[in-house]
Amino acid sequence: MFLKRLKDIREDNDLLQKQVAIVLGITRQQYGLYETGERKLPIDKLYKLAEFYNTSADYLLGLTDEAKPYPKPKHKLK
């Protein structure tokens, strides 16, 4: 799966792959593989990216064009 939005949102925030990789705790090369779709993006990394960019996972996955994140639930799931 090619996640074009990963590259777009990174560039929109004037970040290098290396900087985003540090946030995710991975190498720049590994992050580059996520952007090109050569490696699948694990759900925990998707979650971190959505929080980091203050957007929804649906936006990063291209399922919506609405970049605004969803409201946080008022209660935590157990």
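Here we summarise the structure given alongside this text. Keep in mind that this is a model prediction, so the values were computed, not measured.

Let us now look at the packing of aromatic side chains. As enumerated under the stated definition, the model contains one aromatic pair in all. Ring geometry for Phe-52 against Tyr-53: centres 5.0 Å apart, planes inclined by 65°, an arrangement best described as edge-to-face. Lying over the aromatic face of Tyr-59, Arg-5 brings its terminal NZ or CZ to 4.2 Å of the ring centre.

A separate point is the pattern of salt bridges. Under the definition given, this model contains four salt bridges. Among the salt bridges present, the one from Arg-5 reaches Asp-65, with a minimum N-O distance of 2.6 Å. With Arg-5 in helix 1 (residues 4-12) and Asp-65 in the segment after helix 5 (57-61), this residue pair connects regions lying 60 residues apart in the sequence. Take Arg-5: its relative accessible area is 19%, and that puts it in the buried class. Since its relative accessible area comes to 67%, Asp-65 is described here as exposed. Residues Arg-10 and Glu-35 are paired through a salt bridge, measuring 2.6 Å at the closest nitrogen-oxygen approach. Remark: Glu-35 occurs in helix 3 (residues 28-36) and Arg-10 occurs in helix 1; sequence separation between them is 25 residues. A relative accessible area of 8% places Arg-10 in the buried class.

Each value, and the rule that gives it
- Chains are numbered independently. Their residues run from 1 in the order of the written sequence.
- It should be noted that, the model being predicted, local features are given only for residues of pLDDT at least 70 and side-chain atom pairs only at 80 or more, the latter also being counted only at that level, while totals for whole chains, interfaces and linings use all residues.
- Neither water nor hydrogens contribute to the side-chain values; these are computed over all heavy atoms in the structure.
- Aromatic pairing here means that ring centres of Phe, Tyr or Trp (its six-membered ring) are within 6.5 Å. Orientation follows from the plane angle: under 30 degrees is stacked, over 60 is edge-to-face, and everything else is tilted.
- For a Lys NZ or an Arg CZ to count as sitting over a ring, it must be within 6 Å of the ring centre and within 35 degrees of the ring normal.
- Salt bridge, as applied in this entry: a Lys or Arg side-chain nitrogen positioned within 4 Å of an Asp or Glu carboxyl oxygen.
- Helix and strand definitions follow DSSP, with helices as H or I runs of at least four residues and strands as E runs of at least two, each counted in order from the N terminus.
- For every residue, the accessible area obtained with a 1.4 Å probe (protein chains only) is divided by the maximum for its type, and the residue is called buried under 20%, exposed over 50%, and partly exposed between those limits.

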